[in-house]
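Remarks on the overall topology
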Amino acid sequence: MATATATTSRLAVLAPRPGPGRRRPAPSPSSSPLRARGVSAACSRGRVLCLAAPAPAPASSTDAGQDRLQKVPISNIRNFSIIAHIDHGKSTLADKLLELTGTVQKREMKEQFLDNMDLERERGITIKLQAARMRYVKDNEPYCLNLIDTPGHVDFSYEVSRSLAACEGALLVVDASQGVEAQTLANVYLALENDLEIIPVLNKIDLPGAEPDRVAKEIEEIIGLDCSDAIRCSAKEGIGITEILDAIVTKVPPPKDTAKDPLRALIFDSYYDPYRGVIVYFRVVDGTIKKGDKIRFMASEKEYVADEIGVLSPTQMQVNELYAGEVGYLSASIRSVADARVGDTITHFSKRADCPLPGYSEATPMVFCGLFPIDADQFEELREALEKLQLNDAALKFEPESSSAMGFGFRCGFLGLLHMEIVQERLEREYSLSLIITAPSVVYHVNCANGETVECSNPSLLPEPGVRKSIEEPYVKIEMLTPKDYIGPIMELGQDRRGDFKEMNFITENRAKIVYELPLAEMVGDFFDQLKSRSKGYASMEYKLVGYRESPLVKLDIQINGDAVEALSTIVHRDRAYSVGRALTKKLKELIPRQMFKVPIQACIGTKVIASEALSAIRKDVLSKCYGGDITRKKKLLKKQAEGKKRMKAIGRVDVPQEAFMAVLKLEKEVL
Amino acid sequence: PLPIKSEPTRPAPRSRFRNAAIGLPARLPSPTKETAPNPPTPTTCSPICCLAAAAPHPPVPPPAPPPLPPASAYVHLPFCRKRCHYCDFPIVALGSSSPRGEDPRITDYVRLLLREVAATRPVSDDGGAPLETVFFGGGTPSLVPPRLVAAVLDALRARLRELVGAGVNRVSLGVQAFQEDLLRACGRAHGLEEVHEAVGIVTACEGLQNWSMDLISSLPNQTEEMWEESLRCTVDARPTHVSVYDLQIEQGTKFGQLYTPGVHPLPSDTESANFYKIASKRLSEAGYHHYEISSYCKPGYECKHNVTYWQNRSFYAFGLGSASYINGVRFSRPRRMKEYAEWVQNLEDGTWSHESGNSDTKEMAMDVVMLSLRTAWGLDLRSFSKSFGKSLSLSLCNTFKPFVESGLVVAMDVQQQALSPSDFELDLQSEFDFGSRAAFIRLSDPDGFLLSNELISLAFGIISP
């Protein structure tokens, strides 16, 4: 489960919060506990208290799920995750697993589709679940099964890899009528890299369109996974669930028994709780952790006392200790998730492990944009909101930025586009901020004449042409899976976006995989939307960074009445500069109201004007009659006009409405 | 060279119109078809405005908060034969068949009006200034029988103190255009023939040398030639005053449904601005002074009543939808007859009274700016500084500085002579120097006037940031 960031997205919708931004009532604590971590975390403490000290009980029991806090030998622990494309049935399957193991009573279960987060749905991300500890008895032997979920979006592939690193096995769930999708594929490869045992599951076999044989063949061909004993199930109908549980027990290897070693626990998720500080989710890899232990985070080098430890089942339940192989949470009055980052290793303060677990890395923002409050008075509110989000999102970076056109705001860095959208949306929905968002930019490497290399993510700060020798931009390798009918339009898209075609092959008779390498800058706009629209929604994609390459890039400036508007500066490929310049100047001409004088609007590279429009002066704006001394109506009009001017930003002597900036920024996102 | 002269001397009232209200649409839309005031003349396009009053008022402005007691009254006579296609005023369309005798709708309304006058408390009992101007607007005031107009004047005299030499001494004719087609397209109740008749009647009227003609520019399908023709005919008729209104398309009017501003058959903004410039040029050549955005006059014939508005002085108002400005408070009466009648009842019962003026300084400053910048004498900087502070005055001037350079705004000395932009700039160097040369700023004619909304709203932004 989790990345701090993706988690935040779920909380954005589910967590109860005051104010008009709220979209729907928060689910009651008992509904679908798996998907409502924010809620369950806040509501579960009462239950935690009464369940905190589990009494030892005999292993055999008809309601096995209810003694899930009991310890089992490490050889009976199974840690696994579920990899699935959105809508392929992950949530339903997880619910069924919980129900069948008695972890959640049937009457507590709710229909699962009700709380999928809109944003995730729109963006094609799989829903993230809670980690859950289940008890399952097979052949009279009790097993402890820990489900650890992963976010499904590439922006969070680091978090995904840490979640997978906390498991020994994974269920690969594929919709038997749809087939493998690109994101699923990427996560399967991550799982294979982590040496996970993968159990293929063909879901939705009850549907009339299900073709389990075809899909099984597809999995074999694409992934090279033996599907001869793939489990055929229908999570919705409850078909095949026991088989899945049995397969987890028999196929997923148990954790290594290293309980005697110095403590090493892998953080796979953390989130900020306003009352308790950061809650850290971890998998004990080596050693044992007890309540009250003094612990140390090896990467952040912070030390705390573990005030509370427990398991997730699926609500938080306190326990006294957790050993190697077990999965749980802790709280230790940690102030920010940046101090307990995903991938960090927890060890004991007094008996430190020699080296941390492998795989930790700092978050590296890949996409940047400027965020400015529309109402300048909201600058402080924006700062506070970003600080609050950062408590829960270690990958979010920001620093103040000011621009003559936009006033004061922040330059923010994100893991990717989805992360950016989530943050923007939360700021607007939860903090009621109205924002102007500049076109996203990537990080360029500028090689200067003096041999230095400068990183630049803000077009207006690009070193002058005389100083720079060349510009390198990040490239991504993008894999798109599509039904064969859409190969043409998708390849056109790839070519349009300065893509290098790498390969195409048919993964089945009807579906093809197309691989391009193209500049990340070409992806940060509407690439995903375009892919979806050109394939009628059928294509899926996955990308990963493949490094920096030199490109003939130029900085395109916009000048209004001779004054440069930094916020509208962009870095574009030389061959695109002309058309982009034309589109921007044309749009500005439409949107800037005419002034009392003629206003030239120009797009320039350096001092060279490459596109130009002119806004003619207003001819007349006069109300000719003041009738019968009734000036109120006229005054109202004039006041409204004055108000309108106030909402505009002055670029030199020209009043430019906020909407003009927004529309141009939107256009930049489209044309860049 | 005072910008405004008092009206030509009195004894105006010995006219045929005496005591008559001449229906005169004071606003843009005024229709006018009317039976001539007195005798037998058939219908005239009766134009309209009548000013009964006298007493010269002081020439130059100084706008004066706190307001003096009103010396002017506006009376709304809302009757028309029919509604013109551009009109959104509170009027009552009577239809073309006039009933025998007096129309009960008119007599009932005048009764209501008299009740309002009677229930209105004069601003000062000690007798502030007597009424100097009374303006009947409409509607078509001349549709109201003279007997009833006289009754209104009598009531005003009784209630609001002596009104010197009451009688009608100014009339305006709502001609609007000199092209039959255009008149028809506007839904006017008169044709070209009636226009000529009415002009004949008015000019033949002994003692009524002060009359105005209203024109509308930017009508649908109006061409530059037509506009030149209208202006020529207007000059030939030799009115002492001309009002030129630029057509405004109002929502809820027939024109509002039919046309979009700037789109054919309405002229483009450029054409329409051109009409405005042509009017300014032709009328100035003919000896008219462009003393307000839409008003021109022969020397000394400014519309005294309207000048009180532009000087931000107080005034009474009576009748449907009319707006008064008393004790610093602006109030508009209900625009629907039923609600107006209820309001008069409340006034009589004492359940409604004018708030006492306590108005916001910023609002006052905005009023002064928006009204004075409509005029040729402009904003009096010294008086404005005195009322609202030198620094606000200075900020306004700084805001207008680039427009003084570009010629949309003119700075003037105390003699109302234009200052060069560089002299004006010198004045703005410090608060100390400020006002040593510049005494007024005005909008230029015609370019500044044409952009008055832009320029005035800029000033609003300074007054209320």
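Keep in mind the model is a prediction, meaning the values are calculated, not measured.

Remarks on the interface of chain A and chain B
Taken together, the 27 residues of chain A in the interface contact 49 residues of chain B. Buried surface at the junction of chain A and chain B, both sides included, amounts to about 3500 Å², of which 57% is carbon and sulfur. For the interface between chain A and chain B, the tally reads 8 salt bridges. In this structure, K635 of chain A and D367 of chain B form a salt bridge, with 2.6 Å as the shortest nitrogen-oxygen distance. Here the residues of the side of chain A that touches chain B are counted per class, giving 9 nonpolar, 5 polar and 13 charged.

A word on the packing of aromatic side chains
Applying the stated rule across the entire model yields 22 aromatic pairs over all chains. Residues F79 of chain B and Y109 of chain B carry aromatic rings whose centres are separated by 5.4 Å and whose planes lie at 85 degrees to one another, so their mutual orientation is edge-to-face. Separated by 30 residues along the polypeptide, F79 of chain B in strand β5 (residues 79–80) and Y109 of chain B in helix α1 (residues 104–119) bring together distant segments of the chain. This pair shows no difference in class: F79 of chain B is buried, exactly as Y109 of chain B is. Stacked on the ring of F349 of chain A, the Lys or Arg K294 of chain A has its end atom at 4.1 Å from the ring centre. The aromatic ring of Y288 of chain B is capped on one face by K298 of chain B, whose charged end is 4.7 Å from the ring centroid.

Side note on the side chain of R135 of chain A
All names here are of chain A. Tracing the sequence through the fold places R135 in strand β2 (residues 132–138). Given a relative accessible area of 2%, R135 falls into the buried group. Side-chain polar atoms of R135 contact the side chain of Q70, separated by 3.3 Å.

Considerations on the sheet that holds strand β12 (residues 308–312) of chain A
All names here are of chain A. Sheet architecture is open: 8 strands sit in the order β11-β10-β16-β7-β8-β15-β12-β13, paired in antiparallel fashion. Unpaired on one side and paired on the other, β11 (302–305) and β13 (316–319) mark the two borders of the sheet. Here the average twist between neighbouring strands, direction ignored, is 40 degrees. Of the strand pairs in this sheet, strand β7 (residues 264–273) and strand β8 (residues 277–286) are connected by 9 bridges, and their pairing is antiparallel. Across the sheet, D273 pairs through a bridge with G277, a residue of β8.

Concerning the pattern of salt bridges
All names here are of chain A. Scanning all chains against the criterion turns up 54 salt bridges over all chains. Put simply, D496 and R534 hold a salt bridge, and the shortest N to O gap is 3.8 Å. Here D496 is found in helix α12 (residues 487–496), whereas its partner R534 is found in helix α14 (residues 527–534), with 38 residues between them in sequence.

What to know about the confidence of the model for chain A
Residue and element names in this part refer to chain A. Of all residues in chain A, 84% have pLDDT values of 70 or greater, and the mean over the chain is 81. In this model residues 1–65 is a low-confidence stretch, pLDDT under 50, and it forms 160 contacts with partners more than four residues away in sequence or in other chains. With pLDDT under 50 throughout, residues 111–129 is counted as low confidence; its partners more than four residues away or in other chains account for 76 contacts.

Reading the values: the criteria
Per-chain numbering applies: the sequence of each chain, read as written, is numbered from 1 onward. A letter from A marks each chain and a number from 1 marks each ligand, given out in the order of writing. Whole-chain, interface and lining totals are the exception, using all residues; otherwise, since this is a predicted model, local features are given only for residues with pLDDT of at least 70 and side-chain atom pairs are given and counted only at 80 or more. The side-chain values count all of the structure's non-hydrogen atoms but skip hydrogen atoms and water molecules. Should any heavy atoms of two residues lie within 4.5 Å, those residues are counted as being in contact. Two parts placed together each lose some accessible area under a 1.4 Å probe, and adding up what both lose gives the buried area. In the sections that follow, a salt bridge refers to a side-chain nitrogen of Lys or Arg positioned within 4 Å of a carboxyl oxygen of Asp or Glu. All amino acids are sorted into three groups, where Ala, Val, Leu, Ile, Met, Phe, Trp, Tyr, Cys and Pro are nonpolar, Asp, Glu, Lys and Arg are charged, and the leftover types, Gly among them, are polar. Here a pair means two rings of Phe, Tyr or Trp (six-membered ring of Trp) with centres within 6.5 Å. Their orientation is stacked below 30 degrees between planes, edge-to-face above 60, and tilted elsewhere. Helix and strand assignments come from DSSP, with helices taken as H or I runs of at least 4 residues and strands as E runs of at least 2, each series counted from the N terminus. Throughout this description, buried means an accessible area under 20% of the type-specific maximum (1.4 Å probe, protein chains only), exposed means over 50%, and partly exposed covers the range between. Both a distance and an angle decide whether a charge sits over a ring: NZ of Lys or CZ of Arg must be within 6 Å of the ring centre and within 35 degrees of the ring normal. We call two N or O atoms a polar contact when they sit within 3.5 Å, provided that within protein one can donate a hydrogen and the other can accept it, with sequence-adjacent residues counted only if both atoms are side-chain atoms. The criterion for strand pairing is that DSSP finds at least two bridges linking the strands in question. Convention adopted: a line fitted to C-alpha atoms gives each axis, helices being fitted over their contacting stretch, and angles between N-to-C directions are expressed from 0 to 180 degrees. Scored between 0 and 100, pLDDT is the confidence that the predictor attaches to each residue.

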